[in-house]
Amino acid sequence: MSMPNSQPPIYLDNNATTRCAPEAVAAMLPYFTEQFGNPSSMHSFGATVGHEVKAARAALQKLIGAEYDSEIVYTAGGTEADNTAILSALKASPDRKEIITTMVEHHAVLHLCDQLEKDGYVIHKLKVDGKGRLDLDEYRKLLTDKVAIVSVMWANNETGTFFPVEEMARMARDANILFHTDAVQAVGKVDINLAESAIDMLSLSGHKLHGPKGIGALYLRRGSRFRPLLRGGGQERGRRAGTENVPGIVGLGVAARLAREHMAYENTQVRALRDKLQAGILAAVPCAFATGDLDNRLPNTLNIAFEYVEGEAILMLLNKQGIAASSGSACTSGSLEPSHVMRAMGIPYTAAHGTIRFSLSRENTEEEIDRVIAAVPPIIAQLRKLSPYWNGDGPVTDPDKAFAPTYA
Amino acid sequence: MWDYSDTVKEHFYNPRNAGPLPEANAIGEVGSISCGDALRLMLKVDPASEKITEASFQTFGCGSAIASSSALTEMIKGKTLDEALAVSNQDIADFLGGLPPEKMHCSVMGREALQSAVANYRGEEWKDDHEEGALICKCFAVDSVMIEETIRANNLCSVEQVTNYTKAGGGCSSCHEGIEEILAKVMAERGETFSPAPPPEKTRPGKLSTLERIRRIEQVIERARPNLQRDHGDIELIDVEGKTIYVAMKGACSGCQMEALTLGGVQQQMIEALGELVKVVPVRVKPPQPLVNPS
């Protein structure tokens, strides 16, 4: 990607993926070269490797507060963990044909559920309010013995909004229903203590917490009924066949240790930078607002809706200045809908197409945040000047009337 | 990130002719804020010569929507209205050094705004007949509406046929699942069940007699007519010369945007009926109108 600007690039898209920590990369390298053994092998090449995998598993266990290290099943990533959890529950309880999830899940869950719906399952998608919050009364009423599994994300990837998964897991347990949470965005950013919770399954992904891509894990509470997605060799105690991704597992172990060490920093310094970014942009740009549950969200995530401009155009102009962020809107042929998360929250179309997500990490600096605060207002002003919905200093009085194509 | 050409980026970063044009006497508007893109095209037309002396745009939309608008104004300035109308969406995309398949609709929007502006100048009412669905085939930029309508119009029942009629699925083949889903839906409407098995009876007759050959050609034409007549059009067999079959498109079919599609469908049925490769060629009185590329 071209970086026409001479200033160093600023990466604010850490909910998409993070830079793999140099310590993790260094720890992984020997496992591509001299430590190539298969941990399952009965010789010394495999033995040292098996030992390291065990240490990495223990580091990850500690990060999520699991009671046993055998509750961790390594997968190729968050998507595989999500698919494994839901499909396992359906297979384990063939008489239960319903699934409870939410309107704002990641596609790894939603698109799987859409497919299952075609196969005859009933999918209940919990609605959210304008701040992206669930209605637990709606949830309680759906907890019947027809439900095979509840799958609710810990934190939303677009807005950072937390769902009360620990409370929802207890409610599911009382109703004797398996509870799964996609915690891909939360693990490494907030304290998680699974041993004390009623959560049966949890998905996480290495590359969201400064670990490598291609590795993730499914936490599986001891005693939970489980059916593997992949069968074959006996790896992961027969719960996920396939030779272990040893470099990935080792890298994720280091990333988990680093995430624990930086947990306090994430929730103080990173949070302060995020708050500064939010205040700085909103003070300088009219007709813009932050979306989600602002007092109850990930410390690193900021989602701002800029009215009367389109997200991709904003991203291109940001990128020209070396600033990387992301947009929920995907302007592609036929995809007239902006992000499903924004639509579920009822964000009006005038704003939903112009939502930008800034997601920080412990690697961002205050100078970077200052540069972004300075860069954003002129970009929005420039695009609004092109917009038929904008007139001088504000939106045209009635956008619907001001722009009314004859055929509409 | 989209793989935009340098020209697209240049027109996005430095759009030409942006902003209101108070002295405009032809204004075209397409899209809406809910769709995620909207374009207002403003032209100043010299009434004597019908030449576009100035063109300007205001666009709400993504990078390629803004670039397409900018390119369009550059392309039509100095042209007469009739010359400008000959600009197709493919011309706009070509001017920009190509657009990703997902973004071809931006160029379509440009052309529609132009048609709308000319209609506005001439006091006509312009109707948008372009419905767009989710993009199914990324290799050839074919959307679900196009596939669905083609399946319905031609009673298709296999992915292979859909590929022959629309090109969808003819590239990397990753979209075959999506095509099968549309087939299953449309076939269910007409009371059939989609089966992934290839269509039956691929009879390979020996060499047909001339008489049998002409009979089969006529049968295909007869089969195609009711569908076309329903849309106030028709097709007539004019002549057969070797492997070329000449037909005349009549009524609403003549110059219709779907003409190429219809002919492609007829040709495919001819090939199947005759068991040999033939070409169906339209015979015209008037030169063809430029086709809008389906996107």
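In this convention, every chain numbers its residues from 1, walking through the sequence in written order. Whichever chain is written first becomes A and whichever ligand is written first becomes 1, with later ones labelled in order. Only residues with pLDDT of at least 70 get local features here, since the model is predicted, and only at 80 or more are side-chain atom pairs given and counted; chain-wide, interface and lining totals rely on the full set of residues.

**Remarks on the overall build of chain B**
Formally: Numbered from the N terminus, helices here are DSSP runs of H or I no shorter than four residues, and strands are runs of E no shorter than two. Exposed residues have 12 or fewer other C-beta atoms within 10 Å of their own C-beta, buried residues have 20 or more, and partly exposed residues fall in between, where C-beta atoms are placed from the backbone. Here, residue contact means that the backbone-derived C-beta atoms of the two residues sit within 7 Å.
Assigned secondary structure in chain B consists of 10 helices and eight strands. Within the span of chain B, comprising 295 residues, buried residues form 40% of the whole. When contacts within chain B are restricted to residue pairs at least 6 apart in sequence, those whose partners lie at least 24 apart make up 57%.

**Observations regarding the sheet that holds strand β7 (residues 244–251) of chain B**
Residue and element names in this part refer to chain B. Selection rule: Between any two strands, at least two bridges found by DSSP are needed for them to pair. Axis definition: a line fitted to C-alpha atoms, over the contacting stretch in the case of helices. Angles run 0 to 180 degrees between N-to-C directions.
Here three strands make up an open sheet; going across it, the order is β6-β7-β8 and the pairing mixed. Taken across any chain shown, the strands that pair with only one partner, and hence form the sheet edges, are β6 (233–241) and β8 (279–282). Each strand of the sheet is rotated relative to its neighbour by a mean of 30°, with strand direction disregarded. Where β6 and β7 come together, eight bridges link them in antiparallel fashion. Its bridge partner lying in β7, Glu236 is registered against Ala248. Contacting β6 and β7, helix α9 (residues 210–230) crosses the sheet at an angle of about 165° to β6. Docked against the sheet, helix α10 (residues 259–274) engages β6, β7 and β8, running at close to 145° with respect to β8.

**Overview of the UniProt feature "binding site: [2Fe-2S] cluster" (unreviewed entry) in chain B**
Residue and element names in this part refer to chain B. In plain terms, the rule: UniProt positions are given in the numbering used here, feature names are shortened, and annotations may be inferred rather than shown by experiment.
In the UniProt entry, the feature "binding site: [2Fe-2S] cluster" (unreviewed entry) is given for Cys137, Cys139, Cys172 and Cys175. A maximum C-alpha distance of 9.4 Å is found for the annotated residues, which run over 39 residues; spatially they form one tight group. For Cys137, a count of 27 C-beta atoms within 10 Å corresponds to the buried category. When residues no more than four places from it in sequence are discounted, the contact partners of Cys137 are Val142, Ala168, Gly169, Gly171 and Cys175. Looking at the element boundaries, Cys175 is found in the loop between α7 (159–166) and α8 (176–189). Judged by the 23 C-beta atoms lying within 10 Å of it, Cys175 falls in the buried class. Setting aside residues no more than four positions away along its own chain, Cys175 makes contact with Ile136, Cys137, Ala168 and Gly169.

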